[in-house]
Amino acid sequence: MNRNINEYNLPMENSGPYGITAGHDGAMWFTENRGNKIGRITTEGEITEYLLPTPDAQPLIITKGIDGVIWFTEYKANKIGKIIIEGKVTEYDIPTADSGPYGITLGPDGAMWFTEITGNKIGRITVNGEIREYDLPDLGSFPSMITEGSDGALWFTENQGNKIGRISISGGIAEFNIPTTASGPVGICKGGDDAVWFVEIIGNKIGRIATSGQFAEYSLPTQDAKPHAIISGKEGELWFTEWGSNQIGRIKSCGEIIEYQIPTIDSEPHGLVLGPDGAIWFTEECGKIGQLIY
């Protein structure tokens, strides 16, 4: 199914846009993994870019913090970065070498919480750049995306551990085994039903976990869709990218799934966000930003 999808070309074709978030300024902010930039696009499609201080930093996930600041992970540079609306960038070194910072989200305590894929840790960084790290129980868990839950804790996916993790703001960790084996969870978000929703990139499913630990899973209509990121929509539904099938998916809390084909072939959709205009904005690693109007 194809809805009204607009696509906007970035100045650098090979820049590899990856993560995206809605800023406090009414625009969308995104990372350019190969372009080594942070980009900004208005709802009218006007694009501005800001070069990162560290060469080849490989910025990935991006999200808004407090006081108008946008935070992002720099996977290769092993740093957490922040950018203000005017474009000034500040970077903070992570204590663990080669930690592979990936997911990042604003916590209920006002700090930013992030995952370290190869460091096997969950990190916390204050607005002033002070970092604390928490080791995960099992080696090789590959913590990926992270989100605040409705219970005041942070929830994250363990891509190789095949678990959903929970960390309290005091550092207490709990883990929950996903029913589907080797499901490869990646994206995660808080749903409108106060549960936590996630995608299984290998299991080809959308998962739901209640804060009490009960799971539900929903198989995708398209085989080998490779769902990647997931967000809450404006009507209690969830939206997700399908990297393998080149689609944007929508799932209702009852489990009903609809998929929308992206016009550009092999666009490699990754991050997505609900924009201030009510549209779903998403990144296409081929070098475009997409806008799905529904």
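Residues numbered from 1 in each chain as written. Predicted model: local features only at pLDDT ≥ 70, side-chain atom pairs only at ≥ 80, totals over all residues. Heavy atoms only, no water.

A. Seen up close, the pairing of strand S23 (residues 238-242). Of all the 5 residues making up S23, 5 are buried; the element is thus mostly covered by neighbouring parts of the structure. Alternating positions in S23 separate into two faces, Leu-238, Phe-240 and Glu-242 on one and Trp-239 and Thr-241 on the other, with burial throughout. In this sheet, S23 lies alongside strand S22 (residues 227-232) in antiparallel orientation, the contact comprising 4 bridges. Across the sheet, the residue bridging to Ile-230 is Phe-240, located in S23. Both S23 and strand S24 (residues 247-251) contribute to a ladder of 5 bridges, which runs antiparallel. Among the inter-strand pairings, Leu-238 is bridged to a residue of S24, identified as Ile-251. If you look at the hairpin formed by S23 and S24, you'll find 4 residues sitting between the two strands, and Asn-246 has a positive phi there, around 60°. (Buried < 20%, exposed > 50% of the residue type's maximum accessible area, 1.4 Å probe, protein only. Helix = DSSP H or I, 4+ residues; strand = E, 2+ residues; numbered from the N terminus. Pairing = 2+ DSSP bridges.)

B. Seen up close, the sheet that holds strand S10 (residues 101-106). Pairing in this open sheet of 4 strands is antiparallel, and the strands run S10-S11-S12-S13 from one edge to the other. Across the chains shown, the open sheet's two edge strands, defined by having one partner strand only, are S10 and strand S13 (131-135). Averaged over all adjacent pairs, the angle separating strand axes in this sheet is 25°, with direction ignored. For strand S11 (residues 112-116) and strand S12 (residues 121-125), the ladder comprises 5 bridges, and the chain directions are antiparallel. Opposite Trp-113, over in S12, you have Arg-124 as the bridge partner. (Axes fitted to C-alpha atoms, helices over the stretch in contact; angles between N-to-C directions.)

Structural measurements only, silent on function.
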